[in-house]
Amino acid sequence: MDKIKELRVEGGSLLADGQKIPCTIGKSGMATDKREGDMKTPSGSFPLRCCYYRPDRVSLPETALPLTALAPDDGWCDDVAHPMYNKPVKLPFTGRHEKLWREDNCYDLIIPLGYNDDSIIAGKGSAIFLHVMHDDGRGTEGCVAVGKDDLLKLLTRVDTETVLTVS
């Protein structure tokens, strides 16, 4: 199968090569001017950077994206005053951060989106991922989320040339 060039979020669906996949976005909708903590998903087109996976819950995913196995000490800095803002970090970490090794399954697969990561601007938003949807289907804190099986299938057809468009 050919690689998917674009994933597109429209309404409550992620469109992938003509297929509609149920998805969720930020609890407060979308934003053209994303701010840290606003619970909004940024609008725009963002490349897929890599894939993190939880090896105790997911077998090595089939994908052309660079893969990294998560460990219990993995985190992501969301502290606007810290020089590691919007970057992966190792725990314990002194700045505010998200734990990537979670009790729920939302971060069993994480694809960081190329949002605010090339010339990072503090406060513009961090940890914007494509990840596994909450079991109850509730919105995210600013990410895009789909079902685990759907995400595993998508991984087989995406690479670093694929963009996710939110409009």
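Residues numbered from 1 in each chain as written. Predicted model: local features only at pLDDT ≥ 70, side-chain atom pairs only at ≥ 80, totals over all residues. Heavy atoms only, no water.

**Remarks on the packing of aromatic side chains**
- Evaluated as defined, the whole model comprises four aromatic pairs.
- Aromatic side chains phenylalanine 46 and tyrosine 115 sit 5.4 Å apart centroid to centroid with 85 degrees between the ring planes, which places their arrangement in the edge-to-face category. Within this pair, whereas phenylalanine 46 is found in strand β6 (residues 44-47), its partner tyrosine 115 is found in the loop between β12 (109-112) and β13 (129-132), the two being separated by 69 residues in sequence. When sorted by exposure, phenylalanine 46 lands in the same class as tyrosine 115, which is buried.
- Their ring planes at 80 degrees and their centres at 5.6 Å tell us that tyrosine 107 and phenylalanine 129 sit as a pair that is edge-to-face. (Phe/Tyr/Trp six-rings, centres within 6.5 Å; stacked < 30°, edge-to-face > 60°. Helix = DSSP H or I, 4+ residues; strand = E, 2+ residues; numbered from the N terminus. Buried < 20%, exposed > 50% of the residue type's maximum accessible area, 1.4 Å probe, protein only.)

**Details of the environment of glycine 137**
- Structurally, the position occupied by glycine 137 is in the loop between β13 and β14 (144-146).
- For the pair formed by glycine 137 and glycine 147, sequence separation is 10 residues and the distance between their alpha carbons is 9.2 Å.

**Topic: the sheet that holds strand β9 (residues 74-77)**
- Taken in spatial order, the three strands line up as β10-β9-β11 in an open sheet, and their pairing is antiparallel. Single-partner strands in this sheet number two, and they are β10 (88-90) and β11 (97-99). Ignoring which end each strand starts from, the neighbouring axes of this sheet average 40 degrees apart.
- As paired strands, β9 and β11 are joined by three bridges and run antiparallel to one another. By the bridge assignment for β11, cysteine 77 is matched with histidine 97. (Pairing = 2+ DSSP bridges. Axes fitted to C-alpha atoms, helices over the stretch in contact; angles between N-to-C directions.)

**Quick word on the pattern of salt bridges**
- Taken as a whole, this structure holds 13 salt bridges when the rule is applied.
- We note a salt bridge from arginine 57 to aspartate 108, for which the minimum N-O separation is 3.0 Å. Linking arginine 57 in the loop between β7 (51-53) and β8 (67-69) with aspartate 108 in the loop between β11 and β12, this pair joins segments that are 51 residues apart in sequence.
- You can call arginine 57 partly exposed: its relative accessible area is 32%.
- We note a salt bridge from aspartate 104 to arginine 102, for which the minimum N-O separation is 2.7 Å.
- One network of salt bridges, with partners in common, ties together Glu6, Arg8 and Glu10. (Salt bridge = Lys/Arg side-chain N within 4 Å of Asp/Glu carboxyl O.)

**A short note on the layout of surface pockets**
- For the largest pocket, the calculated volume is near 380 Å³.
- Taken together, 24 residues form the lining of the largest pocket, with Met39, Glu98, Tyr107, Glu141 and Gly142 sitting closest to its centre. (1 Å grid on protein atoms, 1.4 Å probe; cavity = no way out; pocket = protein on both sides within 12 Å on 5 of 7 lines; lining within 4 Å. Points joined across faces, edges and corners; volume = space filled by probe spheres on them.)

**Description of the environment of isoleucine 121**
- Relative to the assigned elements, isoleucine 121 resides in the loop between β12 and β13.
- Judged by its relative accessible area of 46%, isoleucine 121 falls in the partly exposed class.
- Along the backbone, isoleucine 121 and asparagine 86 are 35 residues apart, and their C-alpha atoms lie at a distance of 9.0 Å.
- Among residues more than four places away in sequence, those in contact with isoleucine 121 are Tyr85 and Asn116. (Contact = heavy atoms within 4.5 Å.)

**A short note on the sheet that holds β7**
- Strand order in the open sheet formed by 10 strands is β6-β15-β1-β2-β3-β14-β13-β12-β7-β8, and the pairing between neighbours is mixed. Two strands lie at the open edges of the sheet, namely β6 and β8, each paired on one side alone. Strand-to-strand twist across the sheet, computed as the mean angle between neighbouring axes with direction ignored, equals 25 degrees.
- Both strand β3 (residues 19-24) and β14 contribute to a ladder of two bridges, which runs antiparallel. Each bridged residue has a counterpart across the sheet, and for cysteine 23 the counterpart in β14 is valine 146.

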